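Next come the chains, spelled out residue by residue.
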Amino acid sequence: MATVLVTGGAGYIGSHTCVALLEAGYEVAVLDSLANSSAAAIDSVGEIAGRRPRLYVADCRDEPALDKAMAEVRPDAVLHFAGLKSVPESVADPIRYYRHNLESTAVLMAAMERAGVRRIVFSSSATVYGEPDLLPVPETAATRPANPYGSTKLMIEQMIADVVRADSRWSAALLRYFNPVGAHPSGLIGEDPEGVPGNLMPYLLQVAVGRHPHLPLYGTDYPTPDGTALRDYIHVMDLADGHLAALKHLETSPGQTHTYNLGTGQGVSVLEVVAALRGATGHPLPYEELDRRPGDVPELWADPGQALRELGWSASRTLADMCRDAWAWQSTHPQGFRGD
Ligand code: NAD
Ligand code: UD1
């Protein structure tokens, strides 16, 4: 069975993907700086899967550390989750974001090349589309990211595609995630944001455990049925399964770069999320109606057809599943891993 190195594997999506990889029989090692995560996540991954991945606490920009990990792990492929991901931070300090995200990937790929590891699955984002011309958004839609974070994702996609074009021994999957939410159903791992969450679901979960009095609801005058913005929320375990499908596909497609939207194909409003989470938590989840948040698009959801056709993957978990599993995590870890 194959061996994989997971950068950023202690983080939210990486840790859930580690569980899916271990359960599918992969040998898994994680390289993570723990800049935005905790080693406790790796312990919990081990508890769920019955095998704990080896953890290298290191930065992707640290060449000697990468060479050491590559030599010891001898992976067949790398799943690259590591990076900075806050939109407002990237607007405030673009140089930090360009340096961190681009450098991490370039240094990682150079180390992969030295080690003869030429298969990569990259965490991209639907944010590369900006405001779409058509819905649902296919992978062929125009890309025009509206913030530096999104630009780093698009530039990294281009960097990876150039490497594959230059040497057909490489292959890559660029996975454009829509809005990942939820948690492993065990409730042992989940999203653990530092500070006040900028995203909808983690903020609402913190309202449910009493860390905030109400949700700031950004925008009730969008041209949508209930006036709130529509997004494509996807269960993080469906997303994890998408990585496994992409990884398998790379085994049989050297010399190619594949780009896939990972979403459900359904647009869901902010108020629909609030209602679903009320159902899961039993909490009234009050909100305060505010103006639109600058930079938000009214509607964004995926055409996930290409992933179905080429990978045989589609999301199967419902919004109710996402809320139930997110609550299993948040209700048992009200302060996240930091409170453990
Ligand atoms: P996260 O912050 O929970 O996980 C990222 C992990 O990478 C963290 O454990 C962090 O400590 C680590 N890390 C950061 N920089 C590093 C570096 N230079 N070297 C080693 N480790 C480093 O974030 P997440 O939500 O799990 O996101 C994972 C990836 O998916 C990111 O690349 C993110 O941009 C992308 N993505 C996330 C979302 C989302 O909504 N969460 C949506 C689209 C794309
Ligand atoms: C944000 C990021 C995007 C990233 C995605 C997934 C921005 C502009 N975009 O997208 O790059 O890929 O997260 O992590 O930040 N909302 C509230 N109150 C809140 C938080 C959010 O009303 O406290 C609303 C937002 O206005 C939006 C919806 O909920 O309409 C979803 O917001 P969020 O979870 O932040 O995701 P995106 O805006 O889609």
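Look above for the structure.
Residues numbered from 1 in each chain as written. Chains lettered and ligands numbered in written order. Predicted model: local features only at pLDDT ≥ 70, side-chain atom pairs only at ≥ 80, totals over all residues. Heavy atoms only, no water.

A. Just the overall build of the protein chain, in detail. Counting its secondary structure elements, the protein chain contains eleven helices and 14 strands. Scaling as 2.2 N^0.38, a compact globule of 340 residues should have a C-alpha radius of gyration of about 20 Å, and the protein chain matches this with 19 Å. Over its C-alpha atoms, taken along the principal directions, the protein chain stretches across nearly 55 × 45 × 40 Å. Across the 340 residues in the protein chain, those meeting the buried criterion constitute 56%. Restricting the contact set of the protein chain to residue pairs at least 6 apart, pairs at least 24 apart contribute 79%. Counting every atom, the protein chain has about 13,900 Å² of accessible surface; 50% of that belongs to carbon and sulfur. Side chains of the protein chain carry 27 positive and 41 negative charges; the gap between the two charge centres is 5 Å. (Helix = DSSP H or I, 4+ residues; strand = E, 2+ residues; numbered from the N terminus. Rg over C-alpha atoms; globule rule 2.2 N^0.38 Å. Buried < 20%, exposed > 50% of the residue type's maximum accessible area, 1.4 Å probe, protein only. Contact = heavy atoms within 4.5 Å. Areas by Shrake-Rupley, 256 points an atom, 1.4 Å probe, with all protein chains shown as cover. Lys, Arg positive; Asp, Glu negative; His and termini not counted. Charge placed at Lys NZ, Arg CZ, Asp CG, Glu CD.)

B. Molecular detail of the side chain of H258. Residue position: H258 is located in strand β11 (residues 257-262). Reaching out from H258, the side chain makes a polar contact with the side chain of S253 at a distance of 3.0 Å. Contact partners of H258, with chain neighbours within four places excluded, come to A172, A173, L174, H249, L250, S253 and E310. (Polar contact = N/O pair within 3.5 Å; in protein donor to acceptor, adjacent residues only side chain to side chain.)

C. Representation of the site of ligand 1 in the model. Around ligand 1 there are 27 residues in total, and D32, N36, S37, K85 and Y149 lie nearest to it. N36 places a side-chain nitrogen or oxygen 2.7 Å from an oxygen atom of ligand 1. Alone, ligand 1 offers 810 Å² of accessible surface; in the complex the protein occludes 95% of this. The set of elements that each furnish at least two residues to the shell around ligand 1 consists of α1 (12-23), α5 (94-115), β5 (119-125) and α6 (148-166). When residues of the shell around ligand 1 are assigned to their parent elements, the largest contribution, three residues, is made by β5. For the shell around ligand 1, the residue count by class is twelve nonpolar, eleven polar and four charged. (Near = heavy atom within 4 Å. Nonpolar A, V, L, I, M, F, W, Y, C, P; charged D, E, K, R; others polar.)

D. How the structure looks around the nonpolar core. Membership of the largest hydrophobic core comes to 45 residues, with the highest contact counts inside it found for V4, V6, L21 and V28. Among the elements that take part in this core, helix α8 (residues 236-251) stands out by supplying nine residues, more than any other. Those residues in contact with V6, other than ones at most four positions away along the chain, are C18, L21, V28, A29, V30, L31, L79 and F81. Membership of the second largest hydrophobic core comes to 27 residues, among which are A65, V73, L102 and I160. (Core = buried A, V, L, I, M, F, W, Y, C linked by side-chain atoms within 4.5 Å.)

E. Region of interest: the packing of helix α7 (residues 200-208) against helix α9 (residues 270-281). Two numbers describe how α7 lies on α9: the axes approach to 11 Å, and their chain directions differ by 40 degrees. Classed by the angle they form, the pair α7 and α9 counts as oblique. Judged by the sense of rotation from one axis to the other, the crossing of α7 with α9 is right-handed. Two secondary-structure elements touch here, α7 through L200, M201, L204, L205 and A208 and α9 through V270, V273, V274, L277 and T281. Split by residue class, the contact of α7 with α9 holds nine nonpolar, one polar and no charged. (Axes fitted to C-alpha atoms, helices over the stretch in contact; angles between N-to-C directions. Parallel < 35°, antiparallel > 145°, perpendicular 65-115°, else oblique. Left-handed = near helix turned anticlockwise from the far one by under 90°.)

F. Structural detail: the site of ligand 2. Taken together, 18 residues lie near ligand 2, and L200, P216, R231, R293 and D296 sit nearest. The contact in question runs from an oxygen atom of ligand 2 to an N or O atom on the backbone of G198, over 3.5 Å. Residue N199 places a side-chain N or O atom 2.9 Å away from an oxygen atom belonging to ligand 2. It is strand β8 (residues 215-218) that provides the largest number of residues to the shell around ligand 2, a total of four residues. Broken down by class, the residue content of the shell around ligand 2 amounts to ten nonpolar, five polar and three charged.

G. Region of the structure containing the side chain of S123. Along the chain, the position of S123 falls in strand β5. Note on S123: relative accessible area 5%, which makes it buried. If near-sequence neighbours (up to four positions away) are discounted, S123 is found in contact with H80, F81, K153, L175 and Y177.

H. Geometry of the sheet that holds β5. Judged by pairing direction, the sheet is parallel, and its seven strands sit side by side in the order β3-β2-β1-β4-β5-β6-β11 without closing on themselves. Each of the sheet's edge strands pairs with one partner strand only, and the pair in question is β3 (54-57) and β11. Across the sheet, the mean angle separating the axes of adjacent strands is 20 degrees when strand polarity is ignored. As paired strands, strand β6 (residues 171-177) and β11 are joined by six bridges and run parallel to one another. (Pairing = 2+ DSSP bridges.)

I. Focus on helix α11 (residues 319-332). A rise of 1.5 Å per residue sets the reference length of α11, with its 14 residues, at 20 Å; its end C-alpha atoms lie 20 Å apart and thus fit the reference within 8%. Three or more residues of α11 are buried, namely D321, M322, C323, D325, A326, W327, W329 and Q330. In this structure, the buried residues of α11 make contact with β7 (179-181), α7, β10 (233-235) and α9. (Expected span 1.5 Å × (residues − 1).)

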